[in-house]
Amino acid sequence: MGSRLKVLKLFKMLHRTRQQVFKNDTRALEAARLKINQEFRNKKEETSSDRIAELMKIGSDVEVILRTSVLQGIHTDSNRLLLVPRKDLLLDNTPYPDIPTRKP
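My aim in this report is to walk through the structure given alongside it, one point at a time. Quantities reported herein were computed from a predicted structural model and do not represent experimental measurements.

1. A short note on the overall build of the protein
At step 1: When you go through the protein residue by residue, the secondary structure sums to 4 helices and 2 strands.
At step 2: Helices (α) and strands (β) of the protein occur, in sequence order from the N terminus, as α-α-α-β-β-α.
At step 3: Counting every position in the protein, which comprises 104 residues, the buried fraction comes to 18%.
At step 4: Summarising the internal contacts of the protein: among those between residues at least 6 apart in sequence, 42% fall at separations of at least 24.
At step 5: Just so you have it, the protein exposes about 9,100 Å², and 56% of that area is on carbon and sulfur atoms.

2. A closer look at the pattern of salt bridges
At step 1: This model, assessed by the stated rule, comprises 5 salt bridges.
At step 2: Taking the shortest distance from any N to any O, the salt bridge between Arg33 and Glu30 comes out at 2.6 Å. In this pair, Arg33 and Glu30 both sit in helix α2 (residues 26–42), 3 residues apart, roughly one turn of the helix.
At step 3: When its relative accessible area of 29% is taken as the criterion, Arg33 is described as partly exposed.
At step 4: Take Glu30: its relative accessible area is 36%, and that puts it in the partly exposed class.
At step 5: A salt bridge links Asp61 to Lys57, with the shortest nitrogen-to-oxygen separation between them at 2.9 Å. Residue Asp61 and its partner Lys57 are both found in helix α3 (residues 49–69); the two are separated by 4 residues, about one turn of the helix.

3. As for the pairing of strand β2 (residues 80–84)
At step 1: Across 5 bridges, strand β1 (residues 72–77) lies against β2 in antiparallel orientation. Pairing of Gly73 across the sheet is with Leu83, part of β2.
At step 2: In sequence, β1 turns back onto β2 through a hairpin of 2 residues.

4. Overview of the environment of Leu10
At step 1: Take Leu10: it is sitting in helix α1 (residues 3–21).
At step 2: Residue classification places Leu10 among the buried positions, given a relative accessible area of 5%.
At step 3: Separated by 50 residues in sequence, Leu10 and Ser60 have C-alpha atoms that sit 6.9 Å apart.

5. Concerning α3
At step 1: Its 21 residues place the ends of α3 30 Å apart at the C-alpha level, agreeing with the 30 Å of an ideal helix rising 1.5 Å per residue.
At step 2: When α3 is considered as a whole, its buried residues turn out to be Ile52, Met56, Gly59, Glu63 and Leu66. The buried residues of α3 all sit within an arc of 90 degrees when viewed along its axis, so they share a single face. Among the exposed residues of α3, those oriented more than 90 degrees off its buried face are Asp50, Lys57 and Ser69.
At step 3: On its buried face, α3 sits against α1.

Conventions we followed
- Residues numbered from 1 in each chain as written.
- Predicted model: local features only at pLDDT ≥ 70, side-chain atom pairs only at ≥ 80, totals over all residues.
- Heavy atoms only, no water.
- Helix = DSSP H or I, 4+ residues; strand = E, 2+ residues; numbered from the N terminus.
- Buried < 20%, exposed > 50% of the residue type's maximum accessible area, 1.4 Å probe, protein only.
- Contact = heavy atoms within 4.5 Å.
- Areas by Shrake-Rupley, 256 points an atom, 1.4 Å probe, with all protein chains shown as cover.
- Salt bridge = Lys/Arg side-chain N within 4 Å of Asp/Glu carboxyl O.
- Pairing = 2+ DSSP bridges.
- Expected span 1.5 Å × (residues − 1).
- Arc of directions from axis to C-beta.

Shape is all these values report; function is a separate question.
So, in structure tokens, the structure goes:
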């Protein structure tokens, strides 16, 4: 696959992740959209394949961090936040067994 197609795929993936992570938060959605577009626009003239590969790695790392680490919070009153975790954030949360299991 050409580097141009890979860049476009990463661009689309970042926008899809943005839509999932900041769902129902128009201000954050708009800010993330502007930042993604600005960063890609600033690097549009890059021609070095090594530099493009490095930027692609940074972009895919950002996507993983957004998908796995960002948690939405909603202000309920002056000193409280209601956290809204996505399903994919809760998948690897395994409870610690208090009583060790014995092998027969």
